[in-house]
Structure formats: structure tokens, C-alpha cells
Number of protein chains: 4
Amino acid sequence: MATTRFRSPDADTDLLYKELAERDLQPLWELSGLLTAQPAARAVPYVWYARELRPLATRSGELIPVERGGDRRVLACANPGLGGAPYAVGTLWAAVQQLNAGEVAPAHRHTPAALRFVLEGTGVWTLVDGDPVPMAAGDLVLTPSWTFHEHHNSASQAMTWLDVLDLPVVAALDAVFYEDGPSDKASLAAPEASRSEQRFGGGPGLLPAADAGAATGRSPLLAYRWDNTDLALRGQLAAGAPIGHVRYSDPLTGRDVMPTMRCEMLRVPAGAVAGPARQTGGRIGCVLHGSGQARAGTETFALGPGDIIAVPSWHPLSLTAERDLDIFFTSDAPVLDALGLYRESDG
Amino acid sequence: MATTRFRSPDADTDLLYKELAERDLQPLWELSGLLTAQPAARAVPYVWYARELRPLATRSGELIPVERGGDRRVLACANPGLGGAPYAVGTLWAAVQQLNAGEVAPAHRHTPAALRFVLEGTGVWTLVDGDPVPMAAGDLVLTPSWTFHEHHNSASQAMTWLDVLDLPVVAALDAVFYEDGPSDKASLAAPEASRSEQRFGGGPGLLPAADAGAATGRSPLLAYRWDNTDLALRGQLAAGAPIGHVRYSDPLTGRDVMPTMRCEMLRVPAGAVAGPARQTGGRIGCVLHGSGQARAGTETFALGPGDIIAVPSWHPLSLTAERDLDIFFTSDAPVLDALGLYRESDG
Amino acid sequence: MATTRFRSPDADTDLLYKELAERDLQPLWELSGLLTAQPAARAVPYVWYARELRPLATRSGELIPVERGGDRRVLACANPGLGGAPYAVGTLWAAVQQLNAGEVAPAHRHTPAALRFVLEGTGVWTLVDGDPVPMAAGDLVLTPSWTFHEHHNSASQAMTWLDVLDLPVVAALDAVFYEDGPSDKASLAAPEASRSEQRFGGGPGLLPAADAGAATGRSPLLAYRWDNTDLALRGQLAAGAPIGHVRYSDPLTGRDVMPTMRCEMLRVPAGAVAGPARQTGGRIGCVLHGSGQARAGTETFALGPGDIIAVPSWHPLSLTAERDLDIFFTSDAPVLDALGLYRESDG
Amino acid sequence: MATTRFRSPDADTDLLYKELAERDLQPLWELSGLLTAQPAARAVPYVWYARELRPLATRSGELIPVERGGDRRVLACANPGLGGAPYAVGTLWAAVQQLNAGEVAPAHRHTPAALRFVLEGTGVWTLVDGDPVPMAAGDLVLTPSWTFHEHHNSASQAMTWLDVLDLPVVAALDAVFYEDGPSDKASLAAPEASRSEQRFGGGPGLLPAADAGAATGRSPLLAYRWDNTDLALRGQLAAGAPIGHVRYSDPLTGRDVMPTMRCEMLRVPAGAVAGPARQTGGRIGCVLHGSGQARAGTETFALGPGDIIAVPSWHPLSLTAERDLDIFFTSDAPVLDALGLYRESDG
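Residues numbered from 1 in each chain as written. Chains lettered and ligands numbered in written order. Predicted model: local features only at pLDDT ≥ 70, side-chain atom pairs only at ≥ 80, totals over all residues. Heavy atoms only, no water.

(A) Representation of the packing of helix α1 (residues 11–22) of chain C against helix α2 (residues 50–63) of chain D within the structure. Contact geometry of α1(C) with α2(D) gives a least axis separation of 11 Å together with a crossing angle of 155°. Classified by the angle between their axes, α1(C) and α2(D) sit roughly antiparallel to one another. Considering how the two elements wind past one another, α1(C) and α2(D) form a crossing that is left-handed. When α1(C) is examined against α2(D), the residues C:Asp12, C:Thr13, C:Leu15, C:Leu16, C:Glu19 and C:Leu20 are found in contact with a partner set consisting of D:Leu56, D:Arg59, D:Ser60 and D:Leu63. For the contact of α1(C) with α2(D), the per-class residue count stands at five nonpolar, two polar and three charged. (Axes fitted to C-alpha atoms, helices over the stretch in contact; angles between N-to-C directions. Helix = DSSP H or I, 4+ residues; strand = E, 2+ residues; numbered from the N terminus. Parallel < 35°, antiparallel > 145°, perpendicular 65-115°, else oblique. Left-handed = near helix turned anticlockwise from the far one by under 90°. Contact = heavy atoms within 4.5 Å. Nonpolar A, V, L, I, M, F, W, Y, C, P; charged D, E, K, R; others polar.)

Here's what the structure looks like:
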């Protein structure tokens, strides 16, 4: 008998409950909390501060070697509402990854998709299915589902970046596959540009003729450079938008960069307020530049560069900038969109 | 401190672990089981047998009233691998619902989508957003996400049917909304046909001109009648297919009837074998006619009318028919498809 | 000098015009009529009456053999506005085809797509890429672009049907390809059902599982039977629609049956009026049952079974029924839709 | 009697033909040339040379005023095979437009879509539905279907550019609408950038969040700047492609910039050869930089900057570069694609 045995003061009903449990059945009318009026996320609004993350990442770098046994030197943000699960919100893994000068994090691939958002530094590159993608501050780098990836630090300093994965969703769907890969030992020199950028990075709307129309559901452009993102944000503000708000997209389709994660960059000018806005599904934010305050649900947090914020499903979020605030967000909005479950409001 | 506190024999590392826990961080290198080589579903292959389900449903009907407090008279299949959760596999709710003669299960709506597959009987109808949909043996009836629905039994006998919901997926995504609705007290007479069938049920490929192209992501046809399904299966066999295999689809798009559940009917002629086949995501089967054996993973089950089988993600399933076997299946294949996570093999 | 030589009273300008013509250039400012305020179709509203078509088709059947040299025994409707071109409107070929008892119209294929709408009779079948498709009164039969097709009359009587092709569009796009095919000599017995119907004809929304999602842009269902169309029309009227109006669609996508021709059936109950409505692109109508009047542009025509009406682009059409009027329509609406040029109004 | 009257030596047949003509019918078996084995385009391969176009455009500028009466100062390329029609190939209008210093070509809109490809100069801008779009050498500027557009030359020199329109296709479909518009008298100062570029021109894959997903079938980015196109071509060559080949796309969808015209830029390095390749539908090419030879069908043409080449449907084209050749192409490939009629081969 593996399932819950319910009890009733009525003897006949109690006997029924006993037999239901013996048959691995549960009486719906005794269950509660299955269908809530609104989403009842267990995760809570939360911030991991850069002033705490950085020294801990550095110490991890001193104490823990990067090697196959240790896989990746990663500190996972564990939302206090989730009872010890290593997830930043119920649907997203967020973490800081530390790679010391000269280190290589070896190759593997998995069905959970990952993105890297770089907060500072240069000289690190990620090899994605054989294409070397340089990483620098403000860049968004993708390692889509089931692509081999390994990280190389060919600089003289450590780099720390934000990792976000859709792991909780893929795990909930019982769809995790994993495989080690052959690592590239050839060179530690940082490449100038990835092939993906040579082919898809020329300008908005300019596609290689041979690939136009050959969409696969995930972006063939593996890096979105800060210079371009900054240009796009400045353009929007010049065109009169009160808040700059870019959505990173697959140039072959205009859709989200990966089927499970929406990526966005907000620029809130000093003194302006973005939101409040809420949406189904979780959100992870990470400040690139500037400072301000976030109000998430009923809590208020001060924010500065490198801080990571978790906003659970259906919690309103507003952002107030003290100094021009550039903040990266990722969410599982495309998942909810695809399933007809996406809702948003200015609540 | 809400997260796990890891330990290390090395004093410096142990101090690091202590501080990580204080900051709600977890060291990835101490975690295990996150990334498995293949899906590691906790659910196990399992069968709930009609010979046990029916008398328990009948006794529930005698002991438990249907009313707002009790909501629905439903016995949920609880997979023994899931530690007491009331789910048939990790991603699908499956249950038998019992509605006595003259009863009405009152109106509500929720973002989890539901389907009803009717095993026997007639005279029950479900009101879906105001459209009365008759239910009879072999019919598939849909109550898509956020549609008001209530069940009326205007016959002189109880009816039992299979309910399947995507509830575990919607809950994992923190996207459950629920609302009570105004129930229809007007009439207990069974309607002749739903308006959805009057408009979309004329024949394959025949759409109301005004609605062609107005797809919403879920089928506007709320009932798929057994006579048509049987005709489609016979046609396939007549055309030379060894196994009849119908996918229920949205007539406006040809896509799955709802964005979260694929619905299929298999006809395995006596002596034939379907499979083995496996796929990512869970499957629920329910026998309509005939008998045979299912081999799911490493277990074998005898199957007959009304039996419900749960097949967890990536478990191979093969079906052998003793007498021509008609078996309904539903799965979360469209979810995995939409997210780029669907895989299948004949493994 | 192959282009037009314009003249000007001004000597310098006239010299310019001379040199433009020598260089195969034309001065836009001397051209007129290129950009009209509204579509200026050359075709006119017109009706070809069954009482005239039938005896002429019969006499053609007596005088003209069907054989490779003669290809098809077809009388093409030539709109009087088109200056002798054999087209019913500027964008559609319409014709009556006559096939005598025992005759075979041999196999060929071409990029222009064709449809057959059967007005009366039975016993004829069309072999479409090897699939024998029976034809009977009220049926719509497709021979999509580049499918081999041949017609067999295994009945004891001649049959006459309506052919419509997108030939003028394909010709205007310089995309006509043609190829003779190997004809099937095997049998003159009428088949019971096409394989396309065995596989896709079971009921609305019921697809062969293996083919769901494998859309090609044209319907895999090659015949739409009158019984189903009639059922769909009766369902719409029962659901309260004042006019029955079915759009034939590809069951795999819900889109038009072929990328170049929309097919529809109207049922106007006696005394009711459909329209006026106008749309960009030409329309061809053909009465199956009943009688009434059509007002197309500024002209009024009496209509009865077998009559064929041509409605040029942007001409309002209204239909008044004396006896319940079933009228088939085809148009190039999908072409205009795909190119962003479709407009309609109740003008 | 408006249609062709066929003749037969057989008296009965001749009488039939007489009556067919009286009823506006034509006997298919007497028609020929309707269904050709391959496309039989009437247009011929042809080149209009810049050395001839420029002085004629200049003289037109001296002799012909731009004003409402004269509409646009445009010289239309008239393919010698088309019997005097002002079209460069059967499906595309191509022309050079001349706008003198200080002139304004007044506002209008039409359903035929237009593009402008700029060969040299600066200081001209086109107002597209209120958005001022600067034009400079190498830029592609769009005025999609039914957008108001007017051209302003605020420079001190005349500018000449290439216009291409889908007019022959829209006319063949009887879908031409035209409307004069209110011209902007406000300012002749050239704007710095269009709003469309401020919003969509930031970088590949970077969309305004509010507009992501709001595709309309035509690009919201109205200008594709040469600097970006050049960067994209250089990237492709750096990534190892023997020929640079960019397709201009709608950043919201990755599809062609307009539903009726594909736009591409080829860079053939000196000594390299592109093609031969043929495709259904017409192509217009225009050289931006470099020199070489084109072989179109069986003819060979020398090509240099500003030359315009017409390649009719299904004619093979190969390009040989003497000096690095940048050549812009537009075609009606999206029309043929949408209708299932696109074919290509390296024939």
C-alpha cells in the first residue's frame, strides 16, 4: 500500500477509504489545495546579493577543483520557500558559475537548456557543438537543449557569470537526458568570434540565404552582444519609449531564443518606474548596471550590479531606478504561452 | 536558513558549506541525481482494474453525496511510485468519476484541462461553457482549460467514466486558477447534440466558413463520437494498416485537441502486437473493448474493458491482443513537442 | 525596338521619348490605368446555363473522341470581357468536362491544380497518383498540383462535371509544367472508396496517427462527399445560422484544400438572401440544387441546377433563393490571403 | 459573341464550334500552348545599362516636372519580349526613379508593394506612413503594400534609385487599389533615422518586447543599411562560404520582407562563379559594386555598377566576377513558395 490512507468517523466510509488505499486510489473529496483560486507558488520573492555571492564564489574557486568528478563549480540559488530544492523559483534553476584563469569545465550535454549572462570580465569562451563563443560583460550566451558545451577561461583572471536552466521543468516532465562529451584540448586562446555570429550576427533581418526558413525552434545565434543590446535600448528610448525593453529572439523566427526560456533586458532610466506587472511562471532577474529598488509581491529589495532576484509566479513586480538600471530577465513565459497558460496583468 | 546544509571533512570547505547554506546557496558538486543519463521517472508502470474500480465507485456513490462541498465524486489513481501524490503518472491525473441517476455535479472552471472518456452507458451530458454535450460509451469529451463545466445525469442509471487532467503539469508551472460557476438548473433532459458538433461535426475537413482560420489552440469540437472513431479505425485497417491508430485533432488546425494532452485510439486486431514503443512523457491507457496483454517496462499486465494503465516516461510499451483490442490513450506529448523535448523510439 | 514609342509635341521631350524607346524604357508619366482606385477587372459577371451547356457537351461527346491527341473533352467557359481568353474570370479556368460510358481520359499531370465538382451521375472515378477516387453528384474531388490524374467512366452513361483550375494564375507566374503519364489500363470497375478517404475520411478531427502533423500544403483527402457536406450544412442551420456556409479544408491543417483555390458550399434557404458581399479575386459558382437569383455587380441572373456563374474581383454578389439553393463556390481567396491582398466587404 | 470562333472541315463539328462561340465556350482540344512542358516565359533575359540609364534619367529630370499630374519621374524597364508592356519580367516592374535636389514626390499609396534600392548619393528620404526613412547608397528601403509614401530630396544633388514593384502580379490578380495622400510639407531636412530603425534596428534578434510576436506579414523594419549588409556578407565569407549570400528578412518572423518579393544580396569574390541556378518566377538584379559577367539562359552580358538585369522564370543564371561583385536581387519567390509552385535547380 503505497498511497495515502484517509480516515472517516463513519465506519462504512472508513472501510471504503481503507479499500481505496489498498487499490492505490484516493477520494478527491478528501483532498484539498489541488485547485487554488490563484497560483499558489511555494517559492518566495528573494534576492541573492552580489556582495555575498562574489566572495563565496571566489572561495569555492580556491577550495574546489573543476574536473569531471566535480563537473562545474556552481553555486545554486535555493529559494527558501522550496524546502531545500536547489531552484531559484519552482521552474528555474539559477546559479553563479566560477571559472578560474586557465581552467576548462569539460564537455557535456543535457536536455535541460541553459543560458549564461555575463556580469563582468572577458577572455572566457564556451564551445557549443564545436563553435567557440567568446563571453564578455553584458553578453547573453546560449547553450540550447542537447548541445555539447564546455567552458574555457583563457584569461589571467577568474570569471563569474549567471547560469539559468529550465531544469525544474524538464525534470517535472521526466525528460532529462545527459551525456558526457569529448572535450576540446586543442587551444586555450580566446577566439575572435563564433561562427554562429559570423553567419547570423550581421544585422537585424539579414540571414544567410541558405538557412532562411530552416528554423529548429532554438536560435542559431548563440551570443547576443552587449553593444547591440545597448544600441537597441537606446533606440527605443530615442523613439520615445519611457522604458527600454528588449526581447532576445531567434533571428530565423522572431520567437523566443529557446522554447523554454524568454530572455529580456530592461533599461529603467533614473527616476522611472517599470511595472507593477505580474505574469504566470517564474522570473529571474540579474542587474547589469545601475541601482534601484524592486518590489516583488509585498517585499522590497535594494538592487545593485550582480544582484539576482527571484520572482515567483503571479507575484507583481515593480522596479524603481535610482541610477539608470539595466536588468536582465529570464522566465518560462514561452512554456506557458505554448500551453495556453500564460497570463499577465498590471496587478 | 531554509536550504540544505552540506558537510565536508575539510574544515575550510565545511565552513564554506555553512556559509552557503546561510545565504541560500547549494554547491552543485555535492548534488547528485539532477542530470540522469535517461529520464528517471518516479512513477511505475501500473494498472487499476475495472473489477476493482467499479464496485468502489458504486460504493462511493452510495456513501458520498455530490454537492458543492464535495465537488466531484472522483477516485484518483495514485501511482505507487509517487509517494502518495494523487497522480497516475508524474504529469497526468487520471480518475474514475461516478455520477448517479438524477445527479448534477455543479459548475466550475480551472486552468487544468480535462477530458472524459466514457466506458459505458448513456444519458449523461456535460455542459461546457453553455453547450450541452451528450456522453456515451466510446466518446471522448473535452473540457478545455478555463471552460465552465458541469455534469448532468438525466438517465435512470449511474454512469462511470474516466477523467484525465494535465493538473500535475499546470501545478508544476504554478499556473493553477480556479473559479466556481453558476450551475444550470433549467433542465435534466439530455440534449440531442451539442452546438459544437452541429458546427464542426459534419464531416472531415468541413468547417463553418466563418470560423475557418480562427484557431484558438484547443479544439472547438467538444465531442468525438465512437461511431466516427470506429469508422476511422476500420478505414485504416481496410487501407492495409496492421494496427488502427487514430489521433484526435482540432479540426481547425489538425493539431492535438488541447495544447497539453494528445489523445489517441488504438485498435490492435486479435493476434497482432503493437509496439514496443517508448516516448518521453507519461501515458494513460484505458481499454474500451477486447482483451490482451500490456508489457510496460519490465512488467506484464492482463487487460480487459475498463482497465486503466499508467506508463511512465521513456518506458517501452507493447500491446498484444487476444480479442480485438480498442484502447484509448492520452499523453503529454504535445507539451514535450512544444518544448523540443519529445523523443520516441521503438526501444 | 520592341517597346512603345511615346510622342510629345515638345521637340526635346519627343527626342527623349524616342531614345527611351530605343533603350526599352517607358516614361511612367505617359502611362495610365496602371494604378486604379479599385480593381478594374476586365472580366464581367456572367452565367453559362445548364440548358445550353448540356446539349453542347453531349454533342461534343458524339463528335469528338477522347484520346491523347484530344486530351480532354472539355468546353471552357470564356468570359466575354477577356477578349477571347479561355478563362471564366481573369484568375480561374472553369469548364464542363464530358466523359462517355466506357471512356478513359488518359493520365497527365501539371502544376496548375484542378478540382472537379460533380453535378449528377455516378460510376466515374479519377485515379489520382494511383488512388482511385469515385465521383458522384455533389462530391468535390481534388487533383492537386503535379498529381497524375486520369478519368475512368465505368458506368453505362456519360457524366458531365465542372472543372476549375488555377491555370491563369500559374500561367501569369510563368510556372506551368506539364507531363504525360502512364495510364492505368487494368480495370474499368469503379472502386468502392479511395485510400485517401479510408485514411482521412473517418470523421471530423480523426487523423491517422502516423500522418498527423505531416501537412504538405494541400489536402490528403481527395474527395469530399455530398452526404457529409449536407450533414454539415444541416448542422449549421440547426445551430441557428441563417445561411449554411461550409468551407472545405485540409484535415491536417484546417487551411484551404489547395494553396490556390478556396472551396465553399452555400445553402440559402428558400426566401433567404445571402450577401451582398464582395472580395478581391474571382469567384466561380455552380448550382447543385434549388433555384433563385444572383445579383452580381449591376446584373441579375436567374439560377438553376448546373448553371455556372462567374463573379469578377470586387463585384458584390447577392443570392436570393426561391427553392432551397445549394451552390458550390471556388475562388482564389487563398492566393490573395497569402499575399496580403485579400479584402472583403458587404458592399 | 465575344470569344474565339473555331473552324472545322467537318460540317457537324464546325456547326458545334459556331454554337460554342455563341455561348462563350471554347473547345479545349483546339487550344494549344496552355500547358507547356516547362515555363514558357515571354520575357527574355535582358540588361539595361547604367551608362544609358543615367543620362536619360538626368534628361528626364530636366524636361519633366515632378508634380501630382506627373506623379513620379520614373523610367520603366520594358522587357522586349513582353510586347510593349512596361514590365521588366512578366511578374515584376523595375524602373529608375530620378528626384532632383529640393524636389518632393507627393504622397500616395497602392496595394502593389514597392522597394527602393539606392545606387549612389545621400540626402533623400522617404516618408512611409509618417516615418521618415533616409536613403543612401547600398540601402534597401521598403514601402510595403498600402503604406503611404512620398520622397523628399533635401540634398543639393539629384538622386537616382531602382524601384521594383510587384505590380504585374497584383494586376493579374485584379487586386489593385490606389489612393492619393496628404503630403508632408513641414520640412525638407533629412532625418537622422527612422523610427522603424530605432525600434527594430538595434541588432540581430533584438526586438521591442511589446512587438515581439505581433507580425503582420511584412517587415516593420523599413530600411536595411549597407553597413549591416556588408558586415553580414563579410561574416559569411569569414566563416568559409565561397559566395556571400544574404536574404533580407522580417525580424519578427525571419520570413521575406514582404509577402510578394524576396530580396537578396550576393557578393561574388573576384574570380569566383555563382550558379548556374534557375528558379520559377522572375528575378531582377542590380549591381552595386564591382564587375563581371552574367550568363542568363543562352545569353552573356557584361555587368558593372548600376546595371539592371532581368532573368525570366526558369532561365539559368550564372555570375562571374572580375572585381568583387555586390549584386542585389529581388524575385517573386515568396509568391511561388506560398502557392506551392516554387522550384529551383542548378540546371
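(B) Molecular detail of the pairing of strand β15 (residues 244–248) of chain D. Across the five residues that make up β15(D), a large majority, four, are buried. With three bridges joining them, strand β13 (residues 206–208) of chain A and β15(D) adopt antiparallel strand pairing. Its bridge partner being in β15(D), A:Leu207 is matched across the sheet by D:Arg247. Where β15(D) and strand β16 (residues 262–268) of chain D come together, four bridges link them in antiparallel fashion. Directly across from D:His245, in β16(D), lies its bridge partner D:Leu266. (Buried < 20%, exposed > 50% of the residue type's maximum accessible area, 1.4 Å probe, protein only. Pairing = 2+ DSSP bridges.)

(C) Spatial organisation of the interface of chain C and chain B. The interface of chain C with chain B comprises 33 residues on the first partner and 33 residues on the second. Per-residue buried area on chain C facing chain B is highest for C:Gln198, C:Pro204 and C:Leu206; these three make up 23% of the total on that side. Summed over the shared surface of chain C and chain B, the number is zero salt bridges. For the pair chain C and chain B, the interface holds six residue pairs in polar contact (both at pLDDT 80 or more). Mapped by element, the contributors of at least two residues to the side of chain C that touches chain B are α4 (195–200), β13 (206–208), α5 (226–238) and β15 (244–248) of chain C. A total of seven residues in the side of chain C that touches chain B trace back to one element, the largest contributor, which is α5(C). In the side of chain C that touches chain B, the residues fall into 17 nonpolar, 13 polar and three charged. (Buried area = accessible area lost by both parts, 1.4 Å probe. Salt bridge = Lys/Arg side-chain N within 4 Å of Asp/Glu carboxyl O. Polar contact = N/O pair within 3.5 Å; in protein donor to acceptor, adjacent residues only side chain to side chain.)

(D) Quick peek at the relation of the copies chain B and chain A. After a rotation of 180° and a shift along the axis of 0.0 Å, chain B superposes on chain A with an RMSD of 0.0 Å. Taken together, these values place the two copies in the relation of a two-fold axis. A shared interface surface links the copies, since 99% of the contact residues of chain B are contact residues in chain A too. (Least-squares fit on C-alpha atoms with pLDDT ≥ 70 in both.)

(E) Spatial organisation of the relation of the copies chain C and chain B. At an RMSD of 0.0 Å, chain C and chain B line up after a rotation of 180° and a shift of 0.0 Å along the axis. Mapped onto chain B, 100% of the interface residues of chain C again fall at the interface, so both copies present the same surface.

(F) Spatial organisation of the sheet that holds strand β6 (residues 114–118) of chain B. The sheet built from seven strands is open, its strands ordered β1(A)-β3(B)-β4(B)-β11(B)-β6(B)-β9(B)-β14(B) with antiparallel pairing. The sheet is open, and its two edges are formed by β1 (25–27) of chain A together with β14 (223–224) of chain B, each paired on a single side. Across five bridges, β6(B) lies against strand β11 (residues 159–165) of chain B in antiparallel orientation. From the neighbouring strand, B:Arg116 faces β11(B), where its bridge partner is B:Asp163. Each of β1 of chain A together with β3 (74–77), β4 (93–99) and β11 of chain B touches helix α2 (residues 50–63) of chain B; the most contacted strand, β4(B), lies at about 55° to it.

(G) Seen up close, the interface of chain B and chain A. With 81 residues of chain B at the contact, the number on the chain A side is 80 residues. Of the roughly 6,800 Å² buried between chain B and chain A, counting both surfaces, carbon and sulfur atoms make up 68%. Applying the counting rule to chain B against chain A returns four salt bridges. Between B:Glu19 and A:Arg59 there is a salt bridge; the shortest N-O distance is 2.7 Å. Applying the counting rule to chain B against chain A returns 24 residue pairs in polar contact (both at pLDDT 80 or more). If you list the elements that add at least two residues to the side of chain B that touches chain A, you get α1 (11–22), β1 (25–27), β2 (46–48), α2, β3, α3 (167–172) and α6 (333–338) of chain B. The element contributing the most residues to the side of chain B that touches chain A is α1(B), with seven residues. Residue classes in the side of chain B that touches chain A are distributed as 50 nonpolar, 20 polar and 11 charged. Relative to β1(B), strand β3 (residues 74–77) of chain A is paired through three bridges, and the arrangement is antiparallel. Of the residues in β1(B), the one forming a bridge with A:Leu75 is B:Pro27.

(H) Molecular detail of the pattern of salt bridges. Inspection of the entire model under this criterion finds 64 salt bridges over all chains. Its salt-bridge partner being B:Lys18, residue B:Glu22 comes within 2.7 Å of it at the nearest N-O pair. One end of the pair, B:Glu22, and the other, B:Lys18, are both in helix α1, four residues apart, so they sit about a helical turn from each other. Residue B:Glu22 is classed as partly exposed on the basis of its relative accessible area of 34%. Among the residues examined, B:Lys18 registers a relative accessible area of 35% and is labelled partly exposed. Between C:Asp14 and C:Arg5 there is a salt bridge, with the nearest N and O atoms lying 3.0 Å from each other. When salt bridges with common partners are traced through the structure, they connect A:Asp230, A:Arg234, A:Arg267 and A:Asp326 into a single cluster.

(I) Quick look at the environment of B:Leu339. Mapping B:Leu339 onto the fold places it in the loop between α6 and β22 (344–345). Through-space distance from the C-alpha of B:Leu339 to that of B:Ala107 is 32 Å; in sequence the pair is 232 residues apart.

(J) Expanded view of the arrangement of the chains. No interface is formed between chain A and chain C, the nearest pair of C-alpha atoms being 15 Å apart. A minimum C-alpha distance of 16 Å separates chain B and chain D, which share no contact.

(K) Summary view of the side chain of D:Arg283. Residue and element names in this part refer to chain D. Mapping Arg-283 onto the fold places it in strand β18 (residues 283–296). Of the side chains with opposite charge, Glu-264 lies nearest to the buried Arg-283, which makes no salt bridge, at 7.1 Å. Within the structure, the side chain of Arg-283 is placed 3.0 Å from the backbone oxygen of Ala-277, a separation counted as a polar contact. Residues in contact with Arg-283, not counting those within four places in the same chain, are Val-89, Leu-92, Ala-277, Arg-278, Ile-309, Ala-310, Val-311, His-315, Leu-317, Phe-329, Thr-330 and Ser-331. (Lys, Arg positive; Asp, Glu negative; His and termini not counted.)

(L) Region of the structure containing the packing of aromatic side chains. Throughout the structure, instances matching the rule amount to 28 aromatic pairs over all chains. With 4.8 Å between their ring centres and 70° between their planes, A:Tyr46 and A:Trp48 make a pair best called edge-to-face. Judged by its relative accessible area of 21%, A:Tyr46 falls in the partly exposed class. A network of ring pairs unites the aromatic residues A:Phe117, A:Tyr224, A:Tyr248 and A:Phe328 as a single cluster. Positioned above the aromatic ring of B:Tyr49 is the side chain of B:Arg51, whose terminal nitrogen or guanidinium carbon lies 4.3 Å from the ring centre. The lysine or arginine in question, B:Arg262, covers the ring of B:Tyr342, its NZ or CZ lying 5.9 Å from the ring centre. (Phe/Tyr/Trp six-rings, centres within 6.5 Å; stacked < 30°, edge-to-face > 60°. Lys NZ or Arg CZ within 6 Å of the ring centre and 35° of its normal.)

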